[in-house]
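The chain contents come next:
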Amino acid sequence: MALIFEKVKIVRNGDGKIEFDAYVMGKEGAPGIVVIQEWWGIDFEIKKHATDIASKGYRALIPDLYRGKVGLEVAEAQHLSQGLDWPGAVTDIAASAKWLKEHGSPKVGVTGFCMGGALSFASAVLVPGIDAVVAFYGTPPPQLADPTESKVPVQAHFGEEDTMKGLDKETAKALEEKLKKANIPSEVYIYPKVGHGFMNSSPEGIERNKALGFGEHHQEAVNLAWSRFESWFAKYLQ
């Protein structure tokens, strides 16, 4: 049976004053994973990631942090991400995790990419009731969250040739040491020969990465990262 997204409304707080759309895919009752967008918004690539996750036996949910807006060009995406209420986004993620548990998921994880990776780490610190996190090439701004205060196991993935500030291999190595010293169950992986956004493997995503100067696509790195993702969440969500 083909996997199809269902659009649902989620209330951010108990007062019902703020609600947002989310897109859900996968069998009700399966472990849930909140999937957090890159700075582009809910575009073809994040939907592909969620579809891949649902196909692995999870219930994937994408909260619409941008409230329907999508960045088609770098300037638009940058504007949207800079205008995002990050603490509010964490609250959206918390509401999303709560929705999954209320709708049959016994355990819930959070994963995200770039901006979503940063928010995934923030969720590990700030969101109650989640069970594990996998973050792809993202670290939270220090004023939002300190990864060494994570309350749940965290796995992180970075590209060795990522040149974006705060996402480079030096940052990844320092993060690994800090997590170890804090005794947080964690794994940090750095993938050789790949740059930022290396998980984007649709034809459009590969072309966009090349246009942005992120380097060549390496499917073997994508496959390895997904296998580690699956092992991590199987350990903590199944």
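To start, this report covers the structure provided alongside it. (Residues numbered from 1 in each chain as written. Predicted model: local features only at pLDDT ≥ 70, side-chain atom pairs only at ≥ 80, totals over all residues. Heavy atoms only, no water.)

**With respect to unusual backbone geometry**
Trans is the common state for peptide bonds, and a negative phi is the common state for residues other than glycine. One non-glycine residue with positive phi stands out, namely R67, at about 55°. Residue placement: R67 occurs in the loop between β4 (59–63) and α2 (74–82). Judged by relative accessible area, R67 falls into the partly exposed class, the value being 36%. Its identity is not glycine, yet K193 carries a phi of approximately 70°, on the positive side. You can see K193 is positioned in the loop between β8 (186–191) and α6 (203–211). With relative accessibility at 57%, the residue K193 sits in the exposed group. (Helix = DSSP H or I, 4+ residues; strand = E, 2+ residues; numbered from the N terminus. Buried < 20%, exposed > 50% of the residue type's maximum accessible area, 1.4 Å probe, protein only.)

**Observations concerning the sheet that holds strand β7 (residues 154–159)**
Strand order in the open sheet formed by eight strands is β1-β2-β4-β3-β5-β6-β7-β8, with mixed pairing between adjacent strands. The sheet is open, and its two borders are formed by β1 (6–11) and β8, each paired with just one other strand. Ignoring strand direction, the axes of neighbouring strands in this sheet form an average angle of 20°. The strands touched by helix α4 (residues 115–126) within the sheet are β3 (32–36), β5 (108–113), β6 (132–136) and β7, with β5 carrying the most contacts at an inclination of about 150°. (Pairing = 2+ DSSP bridges. Axes fitted to C-alpha atoms, helices over the stretch in contact; angles between N-to-C directions. Contact = heavy atoms within 4.5 Å.)

**Comments concerning the pattern of salt bridges**
The final tally for this structure, using the stated rule, is 11 salt bridges. Across the salt bridge formed by R208 and D43, the nearest N and O atoms sit 3.1 Å from each other. Of the two residues, R208 is situated in helix α6 and D43 in the loop between β3 and α1 (44–55); the sequence distance between them amounts to 165 residues. In this structure, R208 and D43 share a single accessibility class: buried. The salt bridge partner of E102 is K98, with a shortest N-O separation of 2.7 Å. (Salt bridge = Lys/Arg side-chain N within 4 Å of Asp/Glu carboxyl O.)

That is the geometry; function is a separate question.
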